Amino acid sequence: MDANAQGRPRVVVLGAGFAGLTFCQAFSCPEADVIVVDRQNHHLFQPLLYQVATAGLSAPEIAQPIRSILRQRRNATVLLRRVLKRDFRRIDPQQAHIILLEAGPRLLPQFSARLSSKAAAQLAALGVEVRANSSVAALGEGLVKLADGSQIQSANIIWAAGVAANPLTRRLGVELDRAGRVRVHQDLSLPTHPEAFAIGDLALVLDQRGRPVPGISPAAMQMARHVARLIRDDVRGKHTTRNARPAFRYRNQGAMATIGRSAAVAQIGGLEFSGWVAWVAWLLVHLVFLIGFRNKAAVLLQWTYSYFTYKPGSRIVTGLGDDSGHEDSAR
Ligand SMILES: Cc1cc2nc3c(=O)[nH]c(=O)nc-3n(C[C@H](O)[C@H](O)[C@H](O)COP(=O)(O)OP(=O)(O)OC[C@H]3O[C@@H](n4cnc5c(N)ncnc54)[C@H](O)[C@@H]3O)c2cc1C
């Protein structure tokens, strides 16, 4: 946070993902200006990205222009960049032998042991060979070498172990963890800059049990609402020092993982679901949180159509923004 030439407080939000957008929507402080910078012109609903890769949905159905989402926010300015398009190729699972390697003793360790084995059984029913306790030692061209000395030959190797934070964090000059996340202060500010905050997938925050808060959208949105309240109170002079600010507390609202058609696992409070019920719950939750009524209606229609006809959608996905440097701005 800083101030413009007229002395109005100015908050710069880098990235209009779940955290950035939720911040803008929760930041009720008309006495301050908000500038949102994103390399894309749209918010991408990443939890449904795999549906685009597998041609279940098309890219526009899970994207919404940032300007239209924030059009009610009179004090928000959006700085934008261009995007590219790329094609995905269709994978025919009938012709593929899919091996899923997991270094740990079971899949989805954040779920109970019972749901882990339900997930493994649902994958097996899809023809996926699941190998637990299989740690990858090295990758070569068309070759995976395992820690036990065995090798697997494959034309397609997909590395999905762990999500790394945006490389931008390396330029901040602050302490990072192995995944490149910023070790933030308990109020989510940078240790060396109380006026700057890292939230969402960028931030390493511990929950009440001392475990890292997971990199999922509800966590990003909770952090965004916390910082929105905190900056508003800063602007109004409520906190005189950083230590006077409240600490962030994460509320675990449950976990869901989709596996395939009518196959998923879900853990909500003390309740556990798997199979069709969990899959429908997963669809409903994602539909509710998808931004824009038009997208919700289009996705619902597409899912219903695909469910009954087994036909996929178009195979176009929006890629990373091109770095040609084109920018425009709009209120
Ligand atoms: C395939 C996939 C599936 C997922 N499934 C789920 C799920 O089912 N449930 C769930 O809760 N979570 C899921 N997640 C995680 C969830 O999407 C993230 O936790 C959430 O998006 C984090 O929000 P964020 O705002 O921190 O980051 P993001 O949503 O990634 O937003 C970051 C924003 O910053 C912009 N940006 C990046 N670099 C720059 C730059 N240099 N300059 C300007 N702008 C920049 C990007 O364009 C983007 O708009 C999934 C993620 C992926 C990738």
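Residues numbered from 1 in each chain as written. Predicted model: local features only at pLDDT ≥ 70, side-chain atom pairs only at ≥ 80, totals over all residues.

Undergrad: I would appreciate a short explanation of the site of the ligand in the present structure.
TA: Within the structure, the ligand sits among 25 residues, and Gly 15, Gly 17, Ala 19, Gly 200 and Ile 216 are positioned closest to it. Broken down by secondary-structure element, the contributors of at least two residues to the shell around the ligand are helix 1 (18-26), helix 2 (49-53) and helix 5 (217-235). Along the lines of polarity and charge, the residues of the shell around the ligand split into 13 nonpolar, nine polar and three charged. (Near = placed C-beta within 6 Å. Helix = DSSP H or I, 4+ residues; strand = E, 2+ residues; numbered from the N terminus. Nonpolar A, V, L, I, M, F, W, Y, C, P; charged D, E, K, R; others polar.)

Undergrad: Hey, could you run me through the sheet that holds strand 19 (residues 271-274) in this one?
TA: Working definition: the strands of a sheet are paired by backbone hydrogen bonds and lie parallel or antiparallel to each other. Here we have three strands laid out as an open sheet, ordered 17-18-19, and antiparallel in their pairing. The sheet is open, and its two borders are formed by strand 17 (255-260) and strand 19, each paired with just one other strand. Each neighbouring strand pair of the sheet contributes to a mean axis angle of 5°, computed without reference to strand direction. The pairing of strand 17 with strand 18 (residues 263-268) spans five bridges and is classified as antiparallel. The residue bridging Gly 260 from the neighbouring strand is Ala 263, located in strand 18. Lying on the sheet, helix 6 (residues 276-289) is in contact with strand 17, strand 18 and strand 19; it crosses strand 18 at an angle near 75°. (Pairing = 2+ DSSP bridges. Axes fitted to C-alpha atoms, helices over the stretch in contact; angles between N-to-C directions. Contact = placed C-beta atoms within 7 Å.)

Undergrad: It is not clear to me how unusual backbone geometry should be interpreted in this structure. Could you clarify?
TA: Excluding glycine, residues mostly carry a negative phi; peptide bonds, for their part, are mostly trans. Look at Leu 188: it is not a glycine, yet its phi comes out positive at around 85°. Counting through the fold element by element, Leu 188 comes out in the loop between strand 13 (182-183) and strand 14 (189-190). What makes Leu 188 buried here is the crowd of 22 C-beta atoms within 10 Å. (Buried ≥ 20, exposed ≤ 12 C-beta atoms within 10 Å, placed from the backbone.)

Undergrad: Can you help me understand the environment of Leu 143 in this one?
TA: Here Leu 143 shows up in strand 11 (residues 143-146). Sequence separation of Leu 143 and Ser 154 is eleven residues, and the distance between their C-alpha atoms is 5.9 Å. Apart from residues no more than four positions distant in its own chain, Leu 143 is found in contact with Gln 151 and Gln 153.

Undergrad: Sorry if this is basic, but what is going on with helix 5 here?
TA: An α-helix turns once every 3.6 residues. As a result, residues three or four positions apart point the same way. The terminal C-alpha atoms of helix 5, which comprises 19 residues, lie 27 Å apart, in line with the 27 Å expected from a rise of 1.5 Å per residue. Within the sequence span of helix 5, burial applies to Ala 219, Ala 220, Met 221, Gln 222, Met 223, Ala 224, His 226, Val 227, Ala 228, Leu 230, Ile 231 and Asp 234. Close packing links the buried residues of helix 5 with strand 2 (9-14), helix 1, strand 15 (193-197) and strand 16 (203-204). Looking at the residues trailing helix 5, positive phi occurs at Gly 237, about 75°. (Expected span 1.5 Å × (residues − 1).)

Undergrad: Would you mind going over the environment of Pro 194 with me for this structure?
TA: Its place among the elements puts Pro 194 in strand 15. Counting along the chain gives 48 residues from Pro 194 to Arg 242, while the straight-line C-alpha distance between them is 6.6 Å. The contacts of Pro 194, once residues within four sequence positions are left out, are Ser 189 and Arg 242.

Undergrad: Please clarify how the pairing of strand 15 should be interpreted in this entry.
TA: A regular strand places its side chains so that they alternate between the two faces of the sheet. The sheet contact formed by strand 14 and strand 15 spans two bridges and is antiparallel. For Leu 190, the partnering residue across the bridge sits in strand 15 and is His 193.

Undergrad: Sorry, what's going on with the nonpolar core here?
TA: Side chains of nonpolar character tend, in soluble globular proteins, to be buried together. In this structure, Leu 188, Ile 199, Ala 203, Met 223 and Val 227 are the most contacted members of the largest nonpolar core, which totals 50 residues. For this core, the element with the highest residue contribution is helix 5, accounting for nine residues. Those residues in contact with Ala 203 that sit more than four places away from it in its chain are Arg 181, Val 182, Val 184, Leu 188, Ala 198 and Met 223. With 14 residues, the next largest nonpolar core counts Ala 119, Met 256, Ile 259 and Trp 282 among its residues. (Core = buried A, V, L, I, M, F, W, Y, C linked by C-beta atoms within 7 Å.)

Undergrad: I keep staring at the sheet that holds strand 12 (residues 151-153) and nothing clicks. Help me out?
TA: Ordered in space as 10-11-12, the three strands form an open sheet in which the pairing is antiparallel. Bordering the open sheet on either side are strand 10 (136-140) and strand 12, each of which pairs with just one other strand. For this sheet, the mean angle separating the axes of adjacent strands, direction not counted, is 15°. Bridge count between strand 11 and strand 12: three bridges; the pairing is antiparallel. For Leu 143, the partnering residue across the bridge sits in strand 12 and is Gln 153.

Undergrad: Is there a simple way to think about helix 6 in this case?
TA: Over its 14 residues, helix 6 extends 20 Å from the first C-alpha to the last, a length consistent with the 20 Å expected when each residue adds 1.5 Å. In the core, the buried residues of helix 6 are packed alongside strand 17, strand 18 and strand 19.

Undergrad: What is the right way to read the packing of helix 1 against helix 5 from this model?
TA: The angle between the axes and the distance between the axes are what describe a pair of packed helices. Where helix 1 contacts helix 5, the two axes come as close as 8 Å, and the packing angle between them is 35°. Here the hand of the crossing between helix 1 and helix 5 comes out right-handed. Here Phe 18, Ala 19, Thr 22, Phe 23 and Ala 26 of helix 1 lie close against helix 5, whose contacting residues are Ser 217, Ala 220, Met 221, Met 223, Ala 224, Arg 225, Val 227 and Ala 228. Its residues assigned to classes, the contact of helix 1 with helix 5 comprises ten nonpolar, two polar and one charged. (Left-handed = near helix turned anticlockwise from the far one by under 90°.)

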